[in-house]
Amino acid sequence: MAYEKKKPVDLDCPLRLTMSLIESKWKSCILDELRDGNPMRPSDIHKLLPESAPRVLDIALKEMVADGLVKKKIYPELPPKSEYNITELGKSLLPIIDSMLDWGKEHMDLFEKKYNSNK
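Here's what I pulled together on the structure shown here. Note that the coordinates shown come from a computational prediction; the quantities given were computed from them, not determined experimentally.

Digging into the side chain of E83
So, step 1. Residue position: E83 is located in strand β2 (residues 81–86).
So, step 2. Residues in contact with E83, not counting those within four places in the same chain, are P39, M40, R41, K71, K72, K73 and Y75.

Written as structure tokens, this is what we have:
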């Protein structure tokens, strides 16, 4: 049985389509971590994003495989070993992620002042 997303992808609007592919805050982070093309095991991804629950990352990875943004390779051994790689489709989202990173760097001071003042 193929994996199905809980929310259907909105094909009526290109912006909503793109957003639905990277909607969770972890999907863009996962793509960023996979950008160099080196395969990563799930445990490596979990270590790089420790503030996310492993189950949440596993769901995000499953959705990203179903969407064709990453590919999963399973090695036939015991215990089973799997690795994730970014696909060409996933790489095509990297300029968007880079723009988001640039925007965040450019406006970091404003939001540090705003959110640190509440502490």
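Having seen the structure, we can now continue with the description.
Describing the pattern of salt bridges
So, step 1. Scanning the entire structure with this criterion turns up five salt bridges.
So, step 2. Ionic pairing is found between D98 and R35, a salt bridge with its closest N-O pair at 2.6 Å. One end of the pair, D98, is in helix α6 (residues 94–116); the other, R35, is in the loop between α2 (25–34) and α3 (42–48), with 63 residues separating them in the sequence.
So, step 3. Judged by its relative accessible area of 29%, D98 is partly exposed.

Here's the deal with the layout of surface pockets
So, step 1. For the second largest pocket, the calculated volume is near 170 Å³.
So, step 2. Lining the second largest pocket are L101, W103, G104, K105, H107, M108 and F111.
So, step 3. Looking at the lining of the second largest pocket, its residues break down into four nonpolar, two polar and one charged.

Thoughts on the nonpolar core
So, step 1. Core analysis: the largest hydrophobic core is formed by 20 residues, its most contacted members being I30, L31, L34 and I45.
So, step 2. Those elements that provide at least two residues to this core are α2, α4 (54–67), β2 and α6.
So, step 3. Leaving out residues up to four positions away in the same chain, I45 has contacts with I30, M40, L57, L61 and Y84.

Observations concerning the environment of G68
So, step 1. Note that G68 resides in the loop between α4 and β1 (70–75).
So, step 2. Overall, the relative accessible area of 25% leaves G68 in the partly exposed class.
So, step 3. Spatially, the C-alpha atoms of G68 and L48 are 22 Å apart, while their sequence positions differ by 20 residues.
So, step 4. Beyond its immediate stretch of four places on either side in the chain, G68 contacts T87, L89 and G90.

Thoughts on the pairing of β2
So, step 1. Summarising burial for β2: five of the six residues are buried, a large majority.
So, step 2. Here β1 hands over to β2 after five residues, the two strands then running antiparallel side by side.

Considerations on a nonpolar patch on the surface
So, step 1. A surface patch of nonpolar side chains, amounting to about 440 Å² of accessible area, comprises W103, L110, F111 and Y115.
So, step 2. Locating F111 in the fold gives a position in helix α6.

Considering the packing of aromatic side chains
So, step 1. Summed over all chains, the structure comprises two aromatic pairs.
So, step 2. Ring plane angle 45 degrees and centroid distance 6.0 Å describe the contact between W103 and F111, whose orientation is recorded as tilted.
So, step 3. On the accessibility criterion, W103 (48% relative accessible area) is partly exposed.
So, step 4. Exposure remark for F111: the relative accessible area of 31% places this residue in the partly exposed category.
So, step 5. Consider the rings of F111 and Y115, whose centres lie 6.2 Å apart with planes at 15 degrees: the pair is stacked. Of the two residues, F111 and Y115 are both situated in helix α6; the distance of four residues between them amounts to about one turn of the helix.
So, step 6. Chaining the aromatic ring pairs together yields one cluster made of W103, F111 and Y115.
So, step 7. Positioned above the aromatic ring of Y75 is the side chain of K81, whose terminal nitrogen or guanidinium carbon lies 4.9 Å from the ring centre.

Conventions we followed
Residues numbered from 1 in each chain as written. Predicted model: local features only at pLDDT ≥ 70, side-chain atom pairs only at ≥ 80, totals over all residues. Heavy atoms only, no water. Helix = DSSP H or I, 4+ residues; strand = E, 2+ residues; numbered from the N terminus. Contact = heavy atoms within 4.5 Å. Salt bridge = Lys/Arg side-chain N within 4 Å of Asp/Glu carboxyl O. Buried < 20%, exposed > 50% of the residue type's maximum accessible area, 1.4 Å probe, protein only. 1 Å grid on protein atoms, 1.4 Å probe; cavity = no way out; pocket = protein on both sides within 12 Å on 5 of 7 lines; lining within 4 Å. Points joined across faces, edges and corners; volume = space filled by probe spheres on them. Nonpolar A, V, L, I, M, F, W, Y, C, P; charged D, E, K, R; others polar. Core = buried A, V, L, I, M, F, W, Y, C linked by side-chain atoms within 4.5 Å. Pairing = 2+ DSSP bridges. Patch = residues over 30% accessible without salt bridge, like charges linked within 9 Å, V, L, I, M, F, W, Y side chains within 5 Å. Areas by Shrake-Rupley, 256 points an atom, 1.4 Å probe, with all protein chains shown as cover. Phe/Tyr/Trp six-rings, centres within 6.5 Å; stacked < 30°, edge-to-face > 60°. Lys NZ or Arg CZ within 6 Å of the ring centre and 35° of its normal.

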